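Commentary on secondary and tertiary structure
The residues making up each chain are set out below.
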Amino acid sequence: MAGGIWVLVAREDGAVRRLTYELLGKARELAGQGRVAAVLVGGEGGVDAEALGAYGADEVLVLAAPALAAYTAEAYTAALLPLLAQERPEVLLIGSTAQGRDLAPRLAVRAGAAIVTDCQTLAREDGALVAIRPMYTRKAIGTVRLLPGRLHIAVVLPGVFPVPPRRDRRAEVRRVPVPPEVGSRARVREVRALERETVPLTEADIVVSGGRGLRGPEHFALLEELARALGGAVGSSRPPVDSGWVPHDYEIGQTGKTVAPQVYLAVGISGAPQHLAGMSGSKHIIAINKDPQAPIFQVADLGVVGDLFEIVPRLTAAVRRRKQAGP
Amino acid sequence: MEIVVCIKQVPDTEAPIRIRPDGSGIDETGVNLVMNYYDEHATEAALQLRERFGGTVTLVSVGPERAREALRQGLAMGADEAVLVSDPRLARADHLQVARVLAAVIAPRRPDLVICGKLSTDDNAALVGPALAALLDLPQATAVSRLEVAEDATHALVHRELEGAVEVLELPLPALLTVERNLNEPRYPSLPGIMKAKRKEIPVLTLEAAGIDPEALGTPGAVLERLAPPPARPPGQRVDGQDPDAAVEAIVRYLAETAKVL
């Protein structure tokens, strides 16, 4: 296969991440009649590779070797390079996960590719790949063109492309040899799961986020309960992190994570530009804040001016009642 | 221990951004330009290691002449020396070309560690660090939130935050790290540090002076074509929450009927 649009399969604990399906849907659209390949590094490990066909992959390239059992930038780069050189895809889509952001630039240098990160739209124009990405704390949107003549690598934000409807088709699976010298000087000692009960923030459909207005760490329990009722994840703005109420991995914003859920519930968050940078890509924003002047209301689709301590527990109860009653 | 820290000068994130009418970039008039926030954490990490192991901390930047001020900030924090590569031919350079310039300046110094911020707050690209690691052929760890260097300085143990997990990575030195903000608390420049930094020479090198063949940089692969203001969100609906039950009803109705998640 020469050319085509490739998607690097992103996994978590072995399972395929939803982001992978989002990328496959976009790849299918970009490819038109051309081929879409999913690249599964590290072996199937319990993943039904053929099933990726249901989301748009014509083919799944499987690279399995002991050196690829744990992700490292060096080993993944070394394993992918000969394959990219031989099959010459036009575009490689990589999800913007901690691993994707680690790998993509290293791979781009080695493969002589052009690269753009943080993509929230992607289109092809005259052989070029054109991406739109937020810049300057989301105070501006940049249009970046990857010029033709080399491999294009696009690192795509989670949640910006829909998961395509499943189709009844299977992908061909092809095992690709991995060069024996593939390895890494860096060694993964351990991957330790964080003790968080809910879904990972960057993949949650619903994010319930708290700010300074929560007044103390104990009140994050209110948000945990609401998030559990809604089936979402809990995040925070920067002040609760700086105050030590919640760990850094809760933080959404310029110095934290970028999220783009269906619903973002901002509770007691004033809405500093640095926070808006991480969440204003959300589809629906609901804000609860007692200060009617809070900047968060400028981006909120539904702004509630009121006391979160009165509203949130009632909201949790109402959501539970509704879920128990069924749709 | 020889440590190189990569520095970028960026607009203060608090500053409002004015986009030039032709969309070619931002109007920098009156904009407060500072050292990239994450680079302060990178500099702090380097200074702490120098305090423990000795050696030197060198700051390197690629950018316009004014970027000298960001380097001076790092010198005032306590870095030993600073180098700026500034050349009009780099005005349209993409991130990989910038990484090539940095690599050319850094490689002859054979540092034990190269430390970068995990991204720069102007374009958020997070490309230069890992690209530089590839060009210098160093093992890498990005978005490092915890760093322990072994007593004999032969290797480092780092923590990286993944989605819902922490990766513990061991890497031999020399290596390249990009750092997260919770790695450390950057120090403020001291008054003697500021005075000392004022007296330090910061060489500004053209490509040739830096020993870089402009041809070897190749052509940019990625071009920022246009900058535009973000699309305005249509004004939202406002609810008075004095009556919490009415507010809850409005939220539930929104979740069910508009967002369709209930």
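Before reading on, note that the structure itself is shown above.
Summary of the structure given here. (Residues numbered from 1 in each chain as written. Chains lettered and ligands numbered in written order. Predicted model: local features only at pLDDT ≥ 70, side-chain atom pairs only at ≥ 80, totals over all residues. Heavy atoms only, no water.)

**Things to note about the overall build of chain A**
When its secondary structure is counted, chain A shows 7 helices and 18 strands. Its C-alpha radius of gyration of 21 Å places chain A within 12% of the 20 Å reference for a compact globule of 327 residues. Dimensions of chain A, computed from C-alpha atoms along their principal axes, come out at roughly 60 × 45 × 40 Å. Expressed as a percentage of its 327 residues, the buried residues of chain A come to 62%. For chain A, the proportion of contacts with a sequence separation of at least 24, taken over those separated by at least 6, is 65%. Here chain A has roughly 12,500 Å² of accessible surface; of this, 49% comes from carbon and sulfur atoms. (Helix = DSSP H or I, 4+ residues; strand = E, 2+ residues; numbered from the N terminus. Rg over C-alpha atoms; globule rule 2.2 N^0.38 Å. Buried < 20%, exposed > 50% of the residue type's maximum accessible area, 1.4 Å probe, protein only. Contact = heavy atoms within 4.5 Å. Areas by Shrake-Rupley, 256 points an atom, 1.4 Å probe, with all protein chains shown as cover.)

**Some thoughts on the side chain of R17 of chain A**
Residue placement: R17 of chain A occurs in the loop between β3 (15-16) and α1 (18-31). Residue class for R17 of chain A comes out buried when judged on its relative accessible area of 6%.

**Focus: the sheet that holds strand β12 (residues 222-228) of chain B**
Backbone hydrogen bonds hold the strands of a sheet together, and the pairing may be parallel or antiparallel. Pairing is antiparallel in the open sheet, where 4 strands are placed in the order β8(A)-β9(A)-β10(A)-β12(B). A single partner strand is all that each edge strand has here, and the edge strands are β8 (121-125) of chain A together with β12 of chain B. Geometrically, the sheet is characterised by an average inter-axis angle of 25 degrees between neighbouring strands, direction not taken into account. (Pairing = 2+ DSSP bridges. Axes fitted to C-alpha atoms, helices over the stretch in contact; angles between N-to-C directions.)

**Quick word on empty space enclosed by the protein**
One simple way to see leftover space: roll a probe sized like a water molecule over the atoms. Counted under the stated rule, the structure contains 5 cavities of 30 Å³ or more. In this structure, the largest cavity occupies an estimated 640 Å³ of space. Taken together, 34 residues form the lining of the largest cavity, with R101, G256 and K257 of chain A together with K118 and L119 of chain B sitting closest to its centre. For the lining of the largest cavity, the secondary-structure elements that each account for two or more residues are α3 (98-111), β9 (128-135) and α6 (273-279) of chain A together with β7 (140-149) and β8 (155-162) of chain B. Taken together, the residues of the lining of the largest cavity sort by class into 12 nonpolar, 12 polar and 10 charged. Lining the second largest cavity, in full, are Y71, T72, A73, E74, D102, S184 and A186 of chain A together with Q140 and L169 of chain B. (1 Å grid on protein atoms, 1.4 Å probe; cavity = no way out; pocket = protein on both sides within 12 Å on 5 of 7 lines; lining within 4 Å. Points joined across faces, edges and corners; volume = space filled by probe spheres on them. Nonpolar A, V, L, I, M, F, W, Y, C, P; charged D, E, K, R; others polar.)

**A word on the interface of chain B and chain A**
Across the boundary between the two partners, chain B contributes 82 residues, which contact 86 residues of chain A. Between chain B and chain A lies a buried interface of about 7,400 Å² when both sides are counted; carbon and sulfur atoms form 56% of it. When the buried surface of chain B facing chain A is broken down by residue, E163, R181 and R233 of chain B rank first, second and third, together holding 11% of it. Connecting chain B to chain A are 11 salt bridges. We note a salt bridge from D102 of chain A to R160 of chain B, for which the minimum N-O separation is 3.8 Å. The tally of links between chain B and chain A comes to 51 residue pairs in polar contact (both at pLDDT 80 or more). Elements with a contribution of two residues or more to the side of chain B that touches chain A: α1 (37-53), α4 (128-135), β7, β8, β9 (165-172), β12, β13 (237-240) and α6 (244-258) of chain B. Ranked by the residues each element gives to the side of chain B that touches chain A, the list is headed by α6 of chain B, at 11 residues. Looking at the side of chain B that touches chain A residue by residue, the class counts come to 49 nonpolar, 15 polar and 18 charged. Here 4 bridges tie strand β18 (residues 302-305) of chain A to β13 of chain B, and the two strands are oriented parallel to one another. (Buried area = accessible area lost by both parts, 1.4 Å probe. Salt bridge = Lys/Arg side-chain N within 4 Å of Asp/Glu carboxyl O. Polar contact = N/O pair within 3.5 Å; in protein donor to acceptor, adjacent residues only side chain to side chain.)

**Quick word on the pairing of β8 of chain B**
Residues and elements named next belong to chain B. For β8, a buried count of 7 out of 8 residues is recorded, marking the element as mostly surrounded by other parts of the structure. Here β7 pairs with β8 via 5 bridges, running antiparallel. Counted as the bridge partner of V149 is A156 from β8. Between β7 and β8, which pair antiparallel in sequence order, lie 5 residues; one of them, A153, sits at a positive phi of approximately 60 degrees. As defined by bridge partners, β8 adjoins β9 across 8 bridges and the pair is classed as antiparallel. In the strand pairing of β9, R160 is matched with E167.

**What to know about the state of the cysteines**
In a disulfide, the sulfur atoms of two cysteines are held together by a covalent bond. Residues and elements named next belong to chain B. Scanning all chains against the criterion turns up 0 disulfides over all chains. Between C116, a free cysteine, and C6, which holds the nearest cysteine sulfur, the sulfur-to-sulfur gap is 3.7 Å. On the accessibility criterion, C116 (5% relative accessible area) is buried. (Disulfide = S-S within 2.5 Å.)

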